[in-house]
Amino acid sequence: QKSIRGSDVDAALHYLARLLNAGDLASACRRLMVCAAEDVGLAYPQASQMAYALCETAKQLGMPEARIPLSNCAIMLATAPKSNSAEASIDMALSDIRGGKGTTFPVHLQAPLFKGYKYPHDYPNHYVKQQYLPDDLVGRQYYKFGENKNEQAAKAYWENIKK
C-alpha cells in the first residue's frame, strides 16, 4: 500500500508478487481496493470501480491467472494521480459527531413539514443557498478540493453554479 501511495510502480509490483507467492489473494485484493479509495480517491474516481472489477476477475480466475488483472490494478493505482481528500473529509466529520456536535438540525430539513425548504431544482443551476448543516456547525468546511485535475474541475463547476 505504501508503494502505491508513493507512486512507486516497481515496488508495488514486487509487494503484490510477494502476497501472491504466499498464496494471499484475499489480502492482495483488499489492499488494492483500499488504495483505490484511500490514496487515489477523487483524483481518479473510476479507480475504485476498476480495482473492484479487477479483483473480482482475479478471484474468479484464481491463481496463477489472477496475477494478470491484479498486476493491471497495481500498475494503474501506482501511476494514477493521488488524493486523500475524501478520507480527510469524512474523518473530520466523524470527529465532530463523536465530539457531540451537530445535534440541532435546521427546521426546513425536519420532517414531516420541511417548512421553508427550498427545492434546488426549482432554481437556476439547480442550486439555492440555504442552511443544510446542523446549527452548531454552520460554516464548518470538511471537504477541501484536491489540487488534481478532477477535483479542480469539480471546484470550478461548484463555484460557477453559485454565481
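Residues numbered from 1 in each chain as written. Predicted model: local features only at pLDDT ≥ 70, side-chain atom pairs only at ≥ 80, totals over all residues. Heavy atoms only, no water.

Colleague: What am I meant to see in the packing of aromatic side chains here?
Modeller: The description of two aromatic rings rests on the distance between their centres and on the angle between their planes. Throughout the structure, instances matching the rule amount to two aromatic pairs. Following the ring pairs from residue to residue traces out a cluster consisting of Tyr-143, Phe-145 and Trp-158. Lying over the aromatic face of Trp-158, Lys-162 brings its terminal NZ or CZ to 3.6 Å of the ring centre. (Phe/Tyr/Trp six-rings, centres within 6.5 Å; stacked < 30°, edge-to-face > 60°. Lys NZ or Arg CZ within 6 Å of the ring centre and 35° of its normal.)

Colleague: Explanation requested: helix H4 (residues 46–61) in the structure shown.
Modeller: Structural remark: α-helix, 3.6 residues per turn; residues separated by three or four positions point the same way. With 16 residues, H4 extends 22 Å between its outermost C-alpha atoms, agreeing within 8% with the 22 Å of an ideal straight helix rising 1.5 Å per residue. Taken together, the buried positions of H4 are occupied by Ala-47, Ala-51, Leu-54, Cys-55 and Ala-58. For H4, the angular spread of buried residues about the axis comes to 100°, placing them on one side. Projecting away from the buried face of H4 at angles above 90 degrees are the exposed residues Gln-49 and Gln-60. Looking at the packing, one finds that the buried side of H4 touches helix H3 (25–40) and helix H5 (67–79). Positioned one or two residues after H4, Gly-62 has a phi angle of 75°, which is positive. (Helix = DSSP H or I, 4+ residues; strand = E, 2+ residues; numbered from the N terminus. Expected span 1.5 Å × (residues − 1). Buried < 20%, exposed > 50% of the residue type's maximum accessible area, 1.4 Å probe, protein only. Arc of directions from axis to C-beta. Contact = heavy atoms within 4.5 Å.)

Colleague: I tried to follow helix H6 (residues 85–98) on my own but got confused; where do I start?
Modeller: Between the first and last C-alpha of H6 there are 20 Å, a value that for 14 residues agrees with the 20 Å anticipated at 1.5 Å per step. Those residues of H6 not exposed but buried are Ser-85, Ser-89, Ala-93 and Asp-96. Looking straight down H6, one finds that the buried residues subtend no more than 65° of arc, so they occupy a single side. Residues of H6 that are buried in the fold lie against helix H7 (149–161).

Colleague: What exactly am I supposed to notice about the packing of H4 against H5 here?
Modeller: Packed helix pairs are specified by the crossing angle of their axes together with the interaxial distance, meaning the distance between the axes. Where H4 meets H5, the axes come as close as 8 Å, and the angle between the chain directions of the two elements is 160°. As judged from the angle between their axes, H4 and H5 are roughly antiparallel. For the pair H4 and H5, the sense of crossing is left-handed. Residues Ala-47, Met-50, Ala-51, Leu-54, Cys-55, Thr-57, Ala-58 and Leu-61 of H4 form the contact with H5, whose own contacting residues are Pro-69, Leu-70, Asn-72, Cys-73, Met-76 and Leu-77. In the contact of H4 with H5, the residues fall into twelve nonpolar, two polar and no charged. (Axes fitted to C-alpha atoms, helices over the stretch in contact; angles between N-to-C directions. Parallel < 35°, antiparallel > 145°, perpendicular 65-115°, else oblique. Left-handed = near helix turned anticlockwise from the far one by under 90°. Nonpolar A, V, L, I, M, F, W, Y, C, P; charged D, E, K, R; others polar.)

Colleague: In this structure, what is going on with the pattern of salt bridges? I would like to understand it.
Modeller: In a structure, side chains of opposite charge can pair up when their charged atoms sit close to one another. Scanning all chains against the criterion turns up five salt bridges. Glu-38 serves as the salt-bridge partner of Arg-5, at 3.1 Å between the closest nitrogen and oxygen. Residue Arg-5 is found in helix H1 (residues 2–5), and its partner Glu-38 is found in helix H3; the two are separated by 33 residues along the sequence. What makes Arg-5 partly exposed here is its relative accessible area of 32%. Salt-bridge contacts for Arg-140 lead to Asp-96; the nearest nitrogen and oxygen are separated by 2.8 Å. Linking Arg-140 in the loop between H6 and H7 with Asp-96 in helix H6, this pair joins segments that are 44 residues apart in sequence. Look at Arg-140 and you get partly exposed, because its relative accessible area is 34%. Residue Asp-96 is classed as buried on the basis of its relative accessible area, which comes to 5%. In this structure, a network of salt bridges that share partners links the residues Arg-5, Glu-38 and Asp-39. (Salt bridge = Lys/Arg side-chain N within 4 Å of Asp/Glu carboxyl O.)

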